[in-house]
Amino acid sequence: MKTGTTYLQTLMLENRAQLLDAGVLFPTGPAGWKLQVDAVRDVTGTAPGGAAERCRTAWRNLHAQVMEHPGTSVVSMEFISYVDAEGAAEFVRRLEGADVDVVLGIRDTARLLPAIWQTGARNYGVRPWRTFVSELTAEPENRANAAWRRFLRVYDVPRMLDSWLAHVPRERVHVVTVPQSGAEPDLLWRRFAATVGVDPGVATQLPAPANESIGHASAELVRRVNTALGHDRSMAVHKASTVVLSDQILARRRSSETPVTGNAALRAFGARWNGVVRDAVLASGVSVSGDLDDLPLEPADGPDRLSRPTTDEVLSAAADSIEQLRTRVQRVVRRAQVPMPESVRAFLDTPPRAESWRPAEDPAAAAVQAVVDSVHALADAWFTEKSAGRSAGKSAGKSAGR
């Protein structure tokens, strides 16, 4: 996770036809790459509630494509890196008859850590950046904490290599290093293509960097919204708070916000873990595409203190979010053409204004609550639209029966 996977997946999806002409299949279904997501969830036993049959069908579809294709097939989904030796064995068992290669992306740990925290915030995380850093940089005897467990799940490269080498020949396990900042935009793709065995030039559509980090103020806003929402995790609220808020609205603010940055202790931790990763790769004897020097052993220069967004930056992110959420609510109302709940009408009639938050005892908390109310308004509008669609479908079915 967080090693350029979204960029590579998007590139292979956009160049699927050209890759297929070159003998490389990137399996897809009616919903595109989601076929791979569901198939991997089936193998790992992580299908969400009510989706088990869909995921089983996705695996059967993907398996058929891979087995029928005479050349190389690439399955790329980050959850694969989470499996233990037993999980790796299950993948190999299910692909019996195919030559299984494993490609593992690795990246400078210091650059990875802010991305791990932000991804956590985008997935209902409530842990502040400062808490995440202090837990992660604690003395080894004090590392039995959530930040350390999450870090190991995402980036325990020694465990990942051991898990796969127990079931896949060494010559079929490969590491690709993510280039340092400032490298040529397609260098990661060239390294990956060399590992897969395809001419990188066949991919003529090179996407922009994808799934990039949001700014610190936006990430902090999402984290505080998660805290305020608590356990309200209906599907509509999930979609409104996660997909729309962090992935669509706040991502637009990236260029105008300061990034999440670490302190000296975090950079030192990153350099030490780079050493752990490099030692594990060298000891494993697997092939490397790229350069292990992309994982530096000396901490980079930087501030001694952690970055922290100002109240004004959080208020700005909140105001922008509410404005964009209101636009989406209006769009749903026009599209649905059915009576909306009072919560939706009230939100559209009297949208919150940023100037009303400043007199509050805690302006940021007032802004967060306004965003929460906006998320609920969008969720209510979506739910009402969906319910109206179901009712219309049932009525049409009854008419057809008559």
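Above this note sits the structure.
Residues numbered from 1 in each chain as written. Predicted model: local features only at pLDDT ≥ 70, side-chain atom pairs only at ≥ 80, totals over all residues. Heavy atoms only, no water.

Draft legend 1. Looking closely at the sheet that holds strand β5 (residues 287-289). Taken together, the 3 strands give an open sheet; going across it, the order is β3-β4-β5, and neighbouring strands pair in parallel fashion. Bordering the open sheet on either side are β3 (102-106) and β5, each of which pairs with just one other strand. Along the sheet, successive strands turn relative to each other by an average axial angle of 25°, direction set aside. One ladder, built from 5 bridges, connects β3 with strand β4 (residues 173-177); its direction is parallel. Residue pairing in the sheet places V102 in a bridge with V173 of β4. (Pairing = 2+ DSSP bridges. Helix = DSSP H or I, 4+ residues; strand = E, 2+ residues; numbered from the N terminus. Axes fitted to C-alpha atoms, helices over the stretch in contact; angles between N-to-C directions.)

Draft legend 2. Highlighting the pattern of salt bridges. This model, assessed by the stated rule, comprises 21 salt bridges. The partner of D38 in a salt bridge is R54, with the nearest N and O atoms 2.9 Å apart. Remark: R54 occurs in helix α4 (residues 52-68) and D38 occurs in helix α3 (residues 34-44); sequence separation between them is 16 residues. Exposure remark for R54: the relative accessible area of 41% places this residue in the partly exposed category. A salt bridge links R93 to E90; the nearest nitrogen and oxygen atoms lie 2.7 Å apart. Placement of the pair is R93 and E90 together in helix α5 (residues 85-94), with a separation of 3 residues, close to one helical turn. Note on E90: relative accessible area 21%, which makes it partly exposed. Here the salt bridges do not stand alone but share partners, grouping D42, E90, R93 and R94 into one network. (Salt bridge = Lys/Arg side-chain N within 4 Å of Asp/Glu carboxyl O. Buried < 20%, exposed > 50% of the residue type's maximum accessible area, 1.4 Å probe, protein only.)

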